[in-house]
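# Structural description and commentary
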Amino acid sequence: MFEVLVYVYENYWQGDACPELHHLGRKLTAAGFEAEEIQAALVWLDGLNTAAQSTQICLPPEESASPHNTRHANQGVQAQSSDSLRIYSVTEQEHLGAESLGFVSFLESSGVLPPHMREIVLDRAMAAPGDPLSLDDLKIIVLMVYWSFGEEPDALVLDELCDDTEQRIAH
């Protein structure tokens, strides 16, 4: 499924350029993906689209109509106080694993993953196969969440999401 998602991200990097799911399914079949992988990816993408649209619908009219509607404007969707704390359920902890949860925490503390996007990342991660979910798969999910909002992460975040950490040399 994740290979299909990467293909979708790379070929339709502007989310609004992506065809409707049934047309996308035909294009993915023509690209050579297996029917089972395509079906799993389409179901996952449908959930992502639903979550992203629900979040955008919740925006106040003045923000959703604004041409400056960026990630920071979206933070008003589910305002979180500075002393809020996200508690992960046992099921989330088991499915995501310590490495993925640590990465989500890193993105949050860096200020690049606002609470409403974090919740979509967690929702889509819980809908993904794997126990625990690999860090590489989580990074694809984060990219797809940015994609669903029509945003491209800044260069440093994109580098962190696309970097092969196994090739790094510790200094």
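Quick notes on the rules
- Residues numbered from 1 in each chain as written.
- Predicted model: local features only at pLDDT ≥ 70, side-chain atom pairs only at ≥ 80, totals over all residues.
- Heavy atoms only, no water.
- Helix = DSSP H or I, 4+ residues; strand = E, 2+ residues; numbered from the N terminus.
- Contact = heavy atoms within 4.5 Å.
- Buried < 20%, exposed > 50% of the residue type's maximum accessible area, 1.4 Å probe, protein only.
- Arc of directions from axis to C-beta.
- Axes fitted to C-alpha atoms, helices over the stretch in contact; angles between N-to-C directions.
- Parallel < 35°, antiparallel > 145°, perpendicular 65-115°, else oblique.
- Left-handed = near helix turned anticlockwise from the far one by under 90°.
- Core = buried A, V, L, I, M, F, W, Y, C linked by side-chain atoms within 4.5 Å.
- Expected span 1.5 Å × (residues − 1).
- Bend = angle between axes of the 7 residues up to and from the residue.

### So, the environment of methionine 1
Mapping methionine 1 onto the fold places it in the segment before α1 (2-11). Sequence separation between methionine 1 and glutamate 36 is 35 residues, and the spatial gap between their C-alpha atoms is 8.4 Å. Apart from the residues within four sequence positions on either side, methionine 1 is in contact with Glu37, Ala40, Ala41, Trp44, Ala128 and Pro129.

### Considerations on α1
For α1, the full list of buried residues reads Phe2, Val4, Leu5, Val8 and Tyr9. Buried residues of α1, seen end-on, are gathered within an arc of 155° and therefore sit on one face of the element. The exposed residues of α1 that point more than 90 degrees off its buried face are Glu3 and Glu10.

### Regarding the packing of helix α7 (residues 115-126) against helix α8 (residues 135-148)
At their nearest, the axes of α7 and α8 sit 9 Å apart, and the two run at 130° to each other. By the angle between their directions, the pair α7 and α8 is classed as oblique. As for how α7 packs across α8, the hand of that crossing is right-handed. For the pair formed by α7 and α8, the contact residues are Met117, Ile120, Val121, Arg124 and Ala125 on the first element and Leu138, Ile141, Val142, Val145 and Tyr146 on the second.

### Let's talk about the nonpolar core
Within the largest apolar cluster, 47 residues are counted, with the highest numbers of intra-cluster contacts made by Val8 and Met144. The set of elements that each furnish at least two residues to this core consists of α1, α2 (21-30), α3 (35-57), α6 (90-109), α7, α8 and α9 (155-162). When residues in this core are grouped by element, the largest group, 10 residues, is from α8. Contacts of valine 8, omitting those with residues within four sequence positions, involve Trp13, Cys18, Leu24, Leu28, Leu45, Met144 and Trp147.

### Quick look at α6
For α6, with 20 residues, the first-to-last C-alpha span of 22 Å runs short of the 28 Å given by 1.5 Å per residue. Of all the bends in α6, the greatest measures close to 100° and is centred on glycine 97. Within α6, the full set of buried residues consists of Glu92, His95, Leu96, Gly97, Ser100, Leu101, Phe103, Val104 and Leu107. Summarising the contacts, the buried residues of α6 are in contact with α7, α8 and α9. Just downstream of α6, glycine 111 is the residue with a positive phi angle, here 80°.

### Things to note about unusual backbone geometry
Trans peptide bonds make up most of the peptide bonds, and negative phi angles are found at most residues other than glycine. In the segment running from aspartate 131 into proline 132, the intervening peptide bond is cis, with an omega of -5°. Along the polypeptide, proline 132 turns up in the loop between α7 and α8.

### What to know about the environment of alanine 127
With respect to the helices, strands and loops of the structure, alanine 127 is situated in the loop between α7 and α8. On the basis of relative accessibility, which here comes to 41%, the residue alanine 127 falls in the partly exposed class. Between the alpha carbons of alanine 127 and tryptophan 44 there is a distance of 7.1 Å; along the sequence they are 83 residues apart.

### Focus: the side chain of serine 100
Along the chain, the position of serine 100 falls in helix α6. Taking the relative accessible area as the measure of exposure, serine 100 reaches 2% and is therefore buried. Serine 100 has contacts with Leu133, Ser134, Leu135 and Leu138, leaving out every residue within four places of it along the chain.

### Some words on the side chain of glutamate 92
Take glutamate 92: it is sitting in helix α6. A relative accessible area of 13% means that glutamate 92 is categorised as buried. In contact with glutamate 92, not counting residues within four places along its chain, are Arg86, Ile87, Gly97 and Met126.

Just distances and angles here, no functional claims.
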